[in-house]
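What follows is the residue order along each chain.
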Amino acid sequence: MKNLLEIKDITKVFGEGTVNEKVALNSVSLTLREGDFVTVIGNNGAGKSTLLNCIAGVYAIDKGSIVLDDKDITKLPEHKRARWMGRVFQDPLKGTAFDMTIEENLAIAYYKNRSRGLSPGITSKDRELFREKLSMLEMGLEDKMTQKVKLLSGGQRQALTLFMAAITEPKLLLLDEHTAALDPAAASKVLALTDRCAEDPKLCTLMITHNMKDALKHGNRTILMKDGRIVMDISGEEREQMTVEKLIEKFSIDNDRMLL
Amino acid sequence: MIMTFAAFLGSLELGMIYAVLALGVFLSFRTLNMPDLTVDGSIVTGMAISAVICAGGGNPFLALIGAALGGAAAGLITGLLHTKLKIQAILAGILVMLAAYSVNLRIMGKTPNIPLTKSTTVYKIADGILPPKYAGIVLGLVILIIIIALLYMFLETRLGFVFRATGDNEDMVKACGVSCDNMKLLGLALSNGLVGLAGGLLAQNQAFADINSGTGMMVIGLASVILGEVIFGTKTLMRRLVAASLGAILYRILLAQALYVGMESTDMKLVSAIIVVIALTLGLLGEKSSKLTRFSAKFIKRRVQR
Ligand SMILES: Nc1ncnc2c1ncn2[C@@H]1O[C@H](COP(=O)(O)OP(=O)(O)O)[C@@H](O)[C@H]1O
Ligand SMILES: [Mg+2]
């Protein structure tokens, strides 16, 4: 498989030169191949979200380069990178426009890579397509398409956001603890949906999770971050042999929040 | 004491104009979720341009377009200060409002007041066609309906969708490949364009432009929006646009009524402020307890109908 994302030596420092100076990413390099589904684990403050945000262009990096599909995107602003990336945030409020309807939200995501001119925001053909695709989520959202998103539960919102992130089949799917705010039942539903989104069609996925079991269960590769560096990168045989206990032992992770 | 029928018609006529202002304020405060204080300046820009063109014998309809463009320019500058120079939205608005005072004076040829009693205005043209008693109301209503229709159509386009989402959730808009800065520029220009148009209409309606008449306009616009929301609801997009307009009209009626219960015309700013406080309180209660608001709204509605 061909390399899709090449991150070379990126460094991100917050509050440089102040007492609060924090090196959130310290010369991180990471290469993702097409179809990779990589899970990311690590302590609070290890730099996981910063890594994702630097890839998405939320923060400009201080050093290094980011190449996506042979195109150097290091200097591109966030909204210009977005055409190749789908994102789901930890906070279920962050992924959707709460005062707009489900179908309006979907339409905004659906027209991501097309002109935003004065043609109708949503057509009846779009509605049909959305209804059909939503019914595959099996969350009953297809019957609520004209309901405002603020009326949905956290799980429904995350499912919708995930669906919106994947609908344009981006090159890269970036998920930042997108199930952390959900109750266990909703979380497992959204995770199952994540697997489906990442599989068909095969989207290159980077998923941060605080749950080590999930990290080993989903995807084909797992990386562990610590103090702004990637300190473990396993896949294949090595990953299959890995267990949560061994992970804790190996990297002396605080296991209060991360164990289950 | 209830106001006379003529006074009621007068406040309806003014209400149509203030409804345009309210729609402008709705775009910035509600759709973009941005407190924009440019309004007190851009409305006078609209008045000044409108008055200068009319006084110079120009086409009063062109004068209105000029007024809208002038207001839009002011909004665009606020937007640029905010998005490019990263100045806080409130401060950017205040700065432009301040600067607009000098610019407006220059537009008016350094006189603080331009009378239009001898010039052709859209209202005088309407008076010649329709019965003068209702001409102003009909003209205002036609303009208002056109604006609501255009605004509604725009907000239902692809561009309109992301524009609306910007006020809800900037992260989502960026994640969907759209620059929030561009949306804010567009929104502030549109919003103040409407405000400028309202100013242009106001100058022609009262047959003068005054450099000091911008004070408190933003507050009046916001109060109209909130009053409309509390009483007429926010369920659909069309409902919200109509509610903001009706809020403005209701506001004018309340103000006119205050004169008839013994307030002096010099007390009007005080009355304005009181209406705003009541509207804001009702809006606040609305967030806390929709039940109580519905009750007070019903109460007010009954009062108004009586
Ligand atoms: N916007 C920011 N400004 C300043 N410091 C930040 C910012 N974002 C993250 N940090 C700091 O960078 C470090 C890494 O944070 P983050 O990437 O969010 O960690 P996590 O692995 O928990 O997602 C933390 O010490 C955090 O305090
Ligand atoms: Mg994080």
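Preceding this paragraph is the structure being described.
(A) Representation of the interface of chain B and chain A in the model. Taken together, the contact between chain B and chain A spans 22 residues of the former and 31 residues of the latter. In total, chain B and chain A occlude about 2,300 Å² of area from one another, counting both sides; carbon and sulfur atoms represent 59% of this. When the buried area of chain B at its contact with chain A is split by residue, Arg158, Phe161 and Asp168 of chain B rank highest and sum to 33% of it. Linking chain B with chain A are four salt bridges. Our enumeration of links across chain B and chain A arrives at 14 residue pairs in polar contact (both at pLDDT 80 or more). The element contributing the most residues to the side of chain B that touches chain A is helix 7 (residues 158-168) of chain B, with seven residues. Grouping the amino acids of the side of chain B that touches chain A by side-chain chemistry returns nine nonpolar, five polar and eight charged.

(B) Spotlight on the sheet that holds strand 5 (residues 71-72) of chain A. All names here are of chain A. Strands sit in the order 2-1-4-5 across an open sheet of four strands; the sheet is antiparallel. The open sheet has two edge strands with one neighbour each: strand 2 (22-33) and strand 5. Sheet topology places strand 1 (residues 3-14) next to strand 2; eight bridges connect them, and they run antiparallel. Bridge assignment links Val13 to a residue of strand 2, and that residue is Val23.

(C) Region of the structure containing the packing of aromatic side chains. Applying the stated criterion to the full structure yields five aromatic pairs over all chains. Relative to Phe130 of chain A, the ring of Tyr110 of chain A lies with its centre 5.4 Å away and its plane at 85 degrees, an arrangement referred to as edge-to-face. Remark: Phe130 of chain A occurs in helix 4 (residues 124-135) and Tyr110 of chain A occurs in helix 3 (residues 102-110); sequence separation between them is 20 residues. Here the aromatic rings of Phe5 of chain B and Phe8 of chain B are separated by 6.4 Å at their centres, their planes lie at 25 degrees, and the arrangement is stacked. Highlighted residues: Phe5 of chain B and Phe8 of chain B, both in helix 1 (residues 5-31), separated by three residues, approximately one helical turn. Following the ring pairs from residue to residue traces out a cluster consisting of Tyr110, Tyr111 and Phe130 of chain A. The ring of Tyr110 of chain A has Arg114 of chain A lying over it, and the distance from NZ or CZ to the ring centre is 4.8 Å. Across from the ring centre of Tyr18 of chain B, 4.3 Å away, lies the NZ or CZ of Arg252 of chain B, which sits over that ring.

Here is what the cut-offs are and how they apply
Residues numbered from 1 in each chain as written. Chains lettered and ligands numbered in written order. Predicted model: local features only at pLDDT ≥ 70, side-chain atom pairs only at ≥ 80, totals over all residues. Heavy atoms only, no water. Contact = heavy atoms within 4.5 Å. Buried area = accessible area lost by both parts, 1.4 Å probe. Salt bridge = Lys/Arg side-chain N within 4 Å of Asp/Glu carboxyl O. Polar contact = N/O pair within 3.5 Å; in protein donor to acceptor, adjacent residues only side chain to side chain. Helix = DSSP H or I, 4+ residues; strand = E, 2+ residues; numbered from the N terminus. Nonpolar A, V, L, I, M, F, W, Y, C, P; charged D, E, K, R; others polar. Pairing = 2+ DSSP bridges. Phe/Tyr/Trp six-rings, centres within 6.5 Å; stacked < 30°, edge-to-face > 60°. Lys NZ or Arg CZ within 6 Å of the ring centre and 35° of its normal.

It is worth stressing that arrangement in space is one thing and function is another; only the former is reported here.
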